[in-house]
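# A structural walkthrough
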Amino acid sequence: MNRLNAGRRPKPKLLNRKIKPEDKFALALKENGLILDAPPTMDGKWHRVAVEGDRKGQKSGSYRGLLEGILAGNITNYKSGQYPVKWVATGTKIDPKELEQSRAEAAARKAAQEQELRAQYRAVAKRAYGIFHNAEPAPANHPLSAKQAGSGRRSTY
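Please read these numbers as outputs of a predicted model, since none were measured by experiment.

As a further point, take the pattern of salt bridges. In total, this model carries two salt bridges according to the counting rule given. A salt bridge links Asp54 to Lys79, with the shortest nitrogen-to-oxygen separation between them at 3.0 Å. You can see Asp54 sitting in the loop between strand 2 (47–51) and strand 3 (61–66) and its partner Lys79 sitting in the loop between strand 4 (72–77) and strand 5 (85–88), a full 25 residues away along the chain. You can call Asp54 buried: its relative accessible area is 17%. Using a relative accessible area of 41% as the deciding quantity, one classes Lys79 as partly exposed.

This is how it looks when you write it as structure tokens:
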């Protein structure tokens, strides 16, 4: 060794590991006090979880993970009283093929969610129609009918 390098320590070799975005998001959740039993679900829906200091069964935190193009998420710890945290993955380069596949999966998931929501709307509308259609008319001596008749107001139902 020459004199210039005599006092230097060799640099440790950095491991060239790829950390998955879900793992980075899990780390961010932990840093904000959320406690997870399993890896975070990256489906764009809000998930309630426990936070540090919660009693058994209490869920004072929520998160939402997004894998649609830009890897991002939202973290809320209701117990701490802080504003919700917007998390965006940094330093993660996505293969264009993976990005396109992720976007296709997101579009398919969004279409399925919309279809499920429309089915729920139809079921609720059908139930409301059945209740309205099969309802008995109010009797003429009903207290509300008498009150409205005495006040001069018109019944709207």
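Alright, that's what it looks like, and here's the rest.
Of all hydrophobic cores here, the largest spans 12 residues; its members are Phe25, Ala28, Leu29, Leu34, Met42, Val49, Val51, Tyr63, Leu71, Ile75, Trp87 and Ala89. Of all the elements in the fold, those that place two or more residues in this core are helix 1 (21–31) and strand 2. In terms of residue count, helix 1 provides more of this core than any other element does, three residues in total. Not counting residues within four places of it along the chain, the set of residues in contact with Trp87 comprises Pro21, Lys24, Phe25, Ala28, Leu71, Ala72, Gly73 and Ile75.

Counting through the fold element by element, Asn74 comes out in strand 4. For Asn74, a relative accessible area of 14% gives the class buried. Look past the residues within four positions of Asn74 in its chain and what remains in contact with it is Phe25, Trp46, Ser62, Tyr63, Arg64, Val85 and Lys86.

It is worth spelling out helix 1 at this point. For helix 1, the set of buried residues is Pro21, Phe25, Ala28 and Leu29. Take helix 1 and look down its axis: the buried residues cluster within an arc of 100°, on one side only. In helix 1, the exposed positions that point more than 90 degrees away from the buried face belong to Leu27, Lys30 and Glu31. Packing partners of the buried residues in helix 1 comprise strand 1 (34–35), strand 3, strand 4 and strand 5. One or two positions beyond helix 1, positive phi appears at Gly33, with a value near 90°.

The subject of this paragraph is the packing of aromatic side chains. The final tally for this structure, using the stated rule, is two aromatic pairs. Their ring planes at 65° and their centres at 5.9 Å tell us that Phe25 and Tyr63 sit as a pair that is edge-to-face. Within this pair, whereas Phe25 is found in helix 1, its partner Tyr63 is found in strand 3, the two being separated by 38 residues in sequence. For the pair Phe25 and Trp87, a centre-to-centre distance of 4.9 Å together with 45° between the ring planes defines the contact as tilted. Of the two residues, Phe25 sits in helix 1 while Trp87 sits in strand 5, which places them 62 residues apart along the sequence. Looking at Phe25, the relative accessible area reads 0%, which means it is buried. One aromatic cluster is present, built from ring pairs that chain together Phe25, Tyr63 and Trp87.

Parameters at a glance
- Residues numbered from 1 in each chain as written.
- Predicted model: local features only at pLDDT ≥ 70, side-chain atom pairs only at ≥ 80, totals over all residues.
- Heavy atoms only, no water.
- Salt bridge = Lys/Arg side-chain N within 4 Å of Asp/Glu carboxyl O.
- Helix = DSSP H or I, 4+ residues; strand = E, 2+ residues; numbered from the N terminus.
- Buried < 20%, exposed > 50% of the residue type's maximum accessible area, 1.4 Å probe, protein only.
- Core = buried A, V, L, I, M, F, W, Y, C linked by side-chain atoms within 4.5 Å.
- Contact = heavy atoms within 4.5 Å.
- Arc of directions from axis to C-beta.
- Phe/Tyr/Trp six-rings, centres within 6.5 Å; stacked < 30°, edge-to-face > 60°.

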